[in-house]
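Structural characterization, general
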Amino acid sequence: MESWKIGLLFSVTGVTSIIERSQLNGALLAIDQINAKGGVLGRPLEPVRYDPASVVKRYGELAEKLIVEDKISVIFGCYMSSSRKEVLPVVERRNALFFYPTLYEGFEYSPNVIYGGACPNQNSVPLANFLMNTYGKRVFFVGSDYIYPRESNRVMRNVLRQGGGEVTGEVYFDLEAEAADFSGVVDEIMKVKPDAIFSTVVGQACIEFYKAYHLAGGDGRKCPIASLTTNEGEIDAIGPEASAGHITAAPYFRSVHSPANRRFLKAYEEKFGSTVDVTSCCEATYSQVHMFALALEETGEIDTECLREALLGASFDAPQGQIKIDPDNNHTYLQSRIAKVDNNGEFVIEAKVRRAIKPDPYLVFPAIHDWSFRTLKVAGGGR
Amino acid sequence: MSDPIQDLRDLHALVVHPRDRSADELMQQVNRIGCNFDHMWPVPKTLPEKFDLVFVDVTDQNAQRLKSFIGSSPKSPSVVAIIGYENPSVLDLIFEIGAHSVLMKPVRAAGVLSSMLMARRFQQEQLHFEKDLTKLREKLDNVQKVNDAKFILMRHRGITERQAYDLIRKQAMAKRATTTEIAQSIINAESILSNMGDT
């Protein structure tokens, strides 16, 4: 029996492998679940995966290889924006369908891409509000030096200003930055004494930064590091002591209480032995594979045009709650939650936006007082 | 000058293009970007004033008609020409109608935002320069007039340039007029008086 072949482009080595490995697992779990139920229209899904080793150029080359040599026209992959930009021209030229299960900085639309992660309007505004209301208005920015942190900081700076906040510093680091590289900025933070730190440091460097902050006496319970990208995977690597009190805004946390999430986590644990590396990007990948399979069930063939038609407007009962692909822009309506790390290194959800937020990838200046971004306090730590 | 990026969502855009795949791609992208927009085809006679930016398909169009269409709005909108061919006669046409930026057919989503912003920016700059130029011309004109008047006074009264200027300024203050107006009157009077001498 012939299988449906799909391509997976996630790095399992290199600087962004922690997070991409969790995305790969999410995809593999969804594929297992679909195949256990008899596949799609009686045929199993067969993943073909390559490891780009966190090297930006490799993503484009391997996407080309998947399409040309393996004759695959559906690909899931990428974490960093720079790697997506490598894949984009390839999938457009070959008219393949590309699923990108990661939050990013917005200002993009391609008919060949389905975007499964949050854009800035879906998480930056709720986070900025929460920080200013809970900790104060002086925020220090630390980021990795590439497009996402810079654009993300532009949005955050704007939202903070509207709320009367102040950016007390802004520093960028190489993706390969090591522990020693952060000592200067940590000293400066200790001197400036901001109310909170907004971090867009990603990958291995993120872990080093949190550790360096803790080592210098930084306390997340007093002045937290707030992030959109620091997930359960990084927190696990940082350790509970250095990560207590820090804040992350994301559509999904492992601690969400819902039947769909309990089923998801149980299946994940059965397959991989533990759920420590389940993250919002993992959940997004898992949901995107399921949504693809449902669309394929409808079309009966892997044809970019037909699949796109079936996917646009489709909704799915994801572990985070109901999500839906916006037919206007191929991005996804997502939940928005804010969580704090407790003393055991687990995220406890503090606030959430009541309804899934419509993606608005071309929003230049999100308005801080928009009612749709208002968060509600969450009792009991997870909803 | 206002910031074209900041004001993006306040724009009213008009798409003048036959209803085909390019037009659909373009309108969907303008919608994603978050601007108000309308569609018209064929090229109408007049352009309603509310539009700040016009996308216009120039394929097989006559430059005269396009110019009178674009010129019919009192607001002078930003113009993005949509072209199907890149040959010299088409490029000539887009220069002639004064397009501020260009999109190539088939229109794709990527590039629309940049072309809109380039058009806005370019056109705002142009307006700005035009305004500055008019102002400078006027100023130059005024300086010339005051100079002429000064020389007339110097000649008639045998005074220095400084004294002549002070005289003009005092007159302007007393009559609550500008120095240019006084200078103009002096020039007029001089020409009448010298004409009388001739006859």
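Per an unreviewed UniProt entry, chain A is named Amino acid/amide ABC transporter substrate-binding protein, HAAT family, and its organism is Roseovarius pacificus.

To continue, consider the overall build of chain A. The secondary structure content of chain A amounts to 12 helices and 16 strands. The C-alpha atoms of chain A give 20 Å as radius of gyration, which agrees with the globular expectation for 383 residues (21 Å, within 12%). Counting only C-alpha atoms and orienting by the principal axes, one finds that chain A spans roughly 65 × 40 × 40 Å. Residues classed as buried in chain A amount to 54% of the 383 residues present. Excluding contacts between residues fewer than 6 apart, the proportion of contacts in chain A whose partners are at least 24 apart in sequence is 73%.

All names here are of chain A. Read from one edge to the other, the open sheet built from eight strands follows the order β7-β6-β8-β9-β10-β14-β15-β16, with strand pairing classed as mixed. Across the chains shown, the open sheet's two edge strands, defined by having one partner strand only, are β7 (166-173) and β16 (375-377). In this sheet, adjacent strand axes meet at a mean angle of 25 degrees when their direction is disregarded. Two strands pair when backbone bridges link them, and strand β15 (residues 347-353) and β16 are joined in this way by three bridges, in the antiparallel orientation. Of the residues in β16, the one forming a bridge with Lys352 is Leu376.

A few words now on the interface of chain B and chain A. Listed as interface residues are 10 residues of chain B and, on the opposing side, seven residues of chain A. Partitioning the side of chain B that touches chain A into residue classes produces five nonpolar, four polar and one charged.

This part covers the environment of Pro361(A). Residues and elements named next belong to chain A. Structurally, Pro361 is set in the loop between β15 and β16. The exposure class assigned to Pro361 is buried, which follows from the 23 C-beta atoms found within 10 Å. Along the sequence, Pro361 and Gln122 sit 239 residues apart, while their C-alpha atoms lie 9.4 Å from each other. Ignoring any residue separated from it by four or fewer positions in sequence, one finds Pro361 in contact with Gly106, Phe107, Glu108, Tyr109, Cys119, Asn329 and His331.

To continue, consider the UniProt feature "domain: ANTAR" (unreviewed entry) in chain B. With numbering aligned to this structure, UniProt lists the feature "domain: ANTAR" (unreviewed entry) at residues 126-187 of chain B. The span residues 126-187 of chain B is 90% helical and 0% strand by assignment, and the distance between its end C-alpha atoms comes to 35 Å.

This next bit is on the domain arrangement of chain B. You'll often see interface size given as the accessible area lost when the parts meet. Each assigned domain of chain B is listed with its residue range as follows: domain 1 (8-131) and domain 2 (134-198). One C-alpha centre belongs to domain 1 of chain B, the other to domain 2 of chain B; they are set 49 Å apart.

Reading guide: rules and limits
Throughout this description, residue numbers start from 1 for each chain and increase along the sequence as written. Chain letters and ligand numbers both follow the written order, the letters beginning at A and the numbers at 1. Thresholds applied to this predicted model are a pLDDT of at least 70 for local features of residues and 80 or more for the giving and counting of side-chain atom pairs; totals over whole chains, interfaces and linings are not thresholded and use all residues. The way it works is that DSSP assigns letters per residue, a run of H or I at least four long becomes a helix, a run of E at least two long becomes a strand, and they are numbered from the N terminus. Radius of gyration means the value over C-alpha atoms here, while the globule rule gives 2.2 Å times the residue count to the 0.38 power. For every residue, the other C-beta atoms within 10 Å of its own C-beta are counted; 20 or more classify it as buried, 12 or fewer as exposed, and values in between as partly exposed. C-beta atoms are placed from the backbone. Contacts here follow a simple rule: the backbone-placed C-beta atoms of the two residues must lie within 7 Å. Pairing between two strands is assigned when DSSP locates at least 2 bridges connecting them. Axis geometry follows a simple rule: fit a line to the C-alpha atoms, using only the stretch in contact for helices, then measure angles between N-to-C directions, giving values from 0 to 180 degrees. All residues other than Ala, Val, Leu, Ile, Met, Phe, Trp, Tyr, Cys, Pro, Asp, Glu, Lys and Arg, Gly among them, are scored as polar; the first ten of these are nonpolar and the last four charged. UniProt positions are given in the numbering used here, feature names are shortened, and annotations may be inferred rather than shown by experiment. Note that the domain bounds were set by an automatic or database domain assignment.

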